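# Structure at a glance
Below, each chain spelled out in residue letters.
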Amino acid sequence: MSLPKAVTIFEMGPRDGLQNECEIIATDDKVRYIDLLSETGLRWIEATSFVSPQAIPQLADAAEVYARIRKAPGVRYPVLVPNMKGYERARAAGADAIAVFTAASEEFTRRNIGMTIDQSLEIFRDVVAAAKRDGVWARGYISTAFGSPFGDVVTPAMVARLAFELMEMGCDELSIGDTIGVAVPGQIDELIPLLLWRVPIESVAMHFHDTRGTALTNVYAALRHGIAKFDSSAGGLGGCPYAPGATGNVGTEDVLYLLHQSGIETGVDLAKVRRASRFIAGVVGHGLTSKAFQAMEAADARAAVS
Ligand code: COA
Ligand code: ZN
């Protein structure tokens with residue numbers, strides 16, 4: 001067993017995280033949060049999404065957020081787009097990296113974006129073609145890759161078919177999502193070899209939610225297959241508002257702790273990520289679920305009273 005020597009972290013907090021917060025967060029706070037994350041050594045920060053403001057009111061200020069964040073050298077700020085309208089809005093705001101998103105579950109896709117899976121692929125074919133023409137980097141998400149919140153069956157073969165189609169249309173990278181946090185390592189072991197049959201390993205990222213506490217074990221299972229890109233959310237903020245009961249992404253602090261203690265480099269400063277998490281915890285007004293974040297907070301609280 002040889003684990004990768006270095007791993008790339010793709011930060012989800014400002015998009016997957018914030019889209020699940022009920023109270024509308026001020027644009028100033030979103031900008032400050034992303035600026036703090038830009039100081040951590042993270043090289044990929046999903047900044048916002050140019051979806052319908054009726055679908056996700058929280059991110060209706062996408063253009064303003066994107067315009068105002070400090071674009072740190074060496075950091076990319078992809079944005080989520082559901083269709084050509086979103087792509088055009090993202091480009092008008094200056095975005096040079098986008099992400100399209102479909103799902104392995106037919107029912108989830110219908111509720112999330114009002115389309116069948118095949119319709120979504122048709123729309124993304126045009127979006128990704130436009131991105132290629134414009135020199136824009138493109139990522140393709142496959143949500144609910146390990147289970148649907150609505151009980152319809154999702155198989156590894158269905159995920160692999162979507163992966164091949166997204167790569168064929170020109171995506172630079174795929175992110176395979178356990179949107180509702182149901183996956184266990186055996187499923188990772190089954191899916192990844194199937195994907196790697198046609199998709200280069202450096203184009204595969206894994207995206208785990210920690211709803212049932214299995215996210216970090218799934219990260220480790222994927223590492224053992226040589227996967228070296230993971231999505232995570234500072235503090236563990238997040239979830240998808242269209243997936244009932246979904247909770248946040250695996251915490252960036254948790255993944256960093258696991259990787260760094262295992263001798264795997266990320267280039268990301270854990271203490272600085274914690275600073276960004278602390279800031280956003282104060283804004284959203286509730287605790288954060290990342291265990292590593294909680295442990296650091298508790299250690300500081302103990303130090304303060306002793
Ligand atoms: N940005 C802004 N407005 C958009 C838009 C976009 N990307 N796409 C569509 N709209 C607007 C249309 O202009 C139209 O506005 P109008 O009523 O003022 O004319 C309205 O939204 C409806 O457009 P329509 O094309 O019929 O879309 P829809 O209602 O079927 O919604 C999506 C389809 C994909 C746009 C919508 O479901 C969506 O944005 N989903 C995203 C969900 C999400 O982000 N989930 C979290 C990720 S896991
Ligand atoms: Zn997610």
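Notes on the structure follow. (Residues numbered from 1 in each chain as written. Chains lettered and ligands numbered in written order. Predicted model: local features only at pLDDT ≥ 70, side-chain atom pairs only at ≥ 80, totals over all residues. Heavy atoms only, no water.)

### Digging into the pairing of strand S6 (residues 137–143)
Across the 7 residues that make up S6, a large majority, 7, are buried. Burial along S6 is two-sided: Trp 137, Arg 139, Tyr 141 and Ser 143 facing one way and Ala 138, Gly 140 and Ile 142 facing the other are all buried. Across 7 bridges, the pairing between strand S5 (residues 97–103) and S6 is parallel. Within the sheet, the bridge partner assigned to Phe 101 lies in S6 and is Tyr 141. Here 4 bridges tie S6 to strand S7 (residues 173–178), and the two strands are oriented parallel to one another. Residue Ile 142 lies in a different strand from S7, and its bridge partner there is Ile 176. (Buried < 20%, exposed > 50% of the residue type's maximum accessible area, 1.4 Å probe, protein only. Helix = DSSP H or I, 4+ residues; strand = E, 2+ residues; numbered from the N terminus. Pairing = 2+ DSSP bridges.)

### Some words on helix H6 (residues 117–134)
In this model H6 runs 25 Å from its N-terminal to its C-terminal C-alpha over 18 residues, within 8% of the 26 Å that 1.5 Å per residue would give. Three or more residues of H6 are buried, namely Ile 117, Ser 120, Leu 121, Phe 124, Val 127, Val 128, Ala 130 and Ala 131. (Expected span 1.5 Å × (residues − 1).)

### Description of the coordination of the zinc ion (ligand 2)
The protein atoms donating to the zinc ion (ligand 2) are Asp 16 (OD), His 207 (NE2) and His 209 (NE2), with metal-donor distances spanning 2.0 to 2.1 Å. For the zinc ion (ligand 2), the donor residues sit on a single chain with the sequence spacing D-x190-H-x1-H. One end of the pair, Asp 16, is in helix H1 (residues 13–17); the other, His 209, is in the loop between strand S8 (204–208) and helix H9 (215–224), with 193 residues separating them in the sequence. The same class applies to Asp 16 as to His 209, namely buried. (Donors = N, O, S within 2.8 Å, 3.2 Å for Na, K, Ca; no water.)

### As for the site of ligand 1
Near ligand 1 lie 19 residues; those nearest to it are Ser 52, Asn 83, Lys 85, Arg 89 and Asn 112. At 3.0 Å from a nitrogen atom of ligand 1 is found a main-chain nitrogen or oxygen belonging to Phe 50. The separation between a nitrogen atom of ligand 1 and a polar side-chain atom of Asn 112 is 2.8 Å. Of all the secondary structure elements, the ones that give two or more residues to the shell around ligand 1 are helix H4 (84–93) and helix H5 (106–113). For the shell around ligand 1, the element with the highest residue contribution is H4, accounting for 3 residues. Here the shell around ligand 1 is composed, by residue class, of 10 nonpolar, 6 polar and 3 charged. (Near = heavy atom within 4 Å. Polar contact = N/O pair within 3.5 Å; in protein donor to acceptor, adjacent residues only side chain to side chain. Nonpolar A, V, L, I, M, F, W, Y, C, P; charged D, E, K, R; others polar.)

### Topic: the pattern of salt bridges
For the coordinates displayed, the defined rule picks out 23 salt bridges. The partner of Arg 161 in a salt bridge is Asp 118, and the shortest N-O contact between them spans 3.3 Å. With Arg 161 in helix H7 (residues 156–168) and Asp 118 in helix H6, this pair connects stretches of sequence that are 43 residues apart. Looking at Asp 118, the relative accessible area reads 45%, which means it is partly exposed. Look at the salt bridges and you will find they share partners, linking Asp 118, Arg 125, Arg 161 and Glu 165 into a network. (Salt bridge = Lys/Arg side-chain N within 4 Å of Asp/Glu carboxyl O.)

### Some details on the sheet that holds S7
Taken together, the 9 strands give an open sheet; going across it, the order is S2-S1-S9-S8-S7-S6-S5-S4-S3, and neighbouring strands pair in parallel fashion. The sheet is open, and its two borders are formed by strand S2 (44–45) and strand S3 (48–49), each paired with just one other strand. Where strand S4 (residues 79–80) lies against S5, 2 bridges are found, and the strand directions are parallel. By the bridge assignment, Val 79 is partnered in S5 with Ile 98. Packed on one face of the sheet, H5 meets S5 and S6 and runs near 130 degrees to S5. (Contact = heavy atoms within 4.5 Å. Axes fitted to C-alpha atoms, helices over the stretch in contact; angles between N-to-C directions.)

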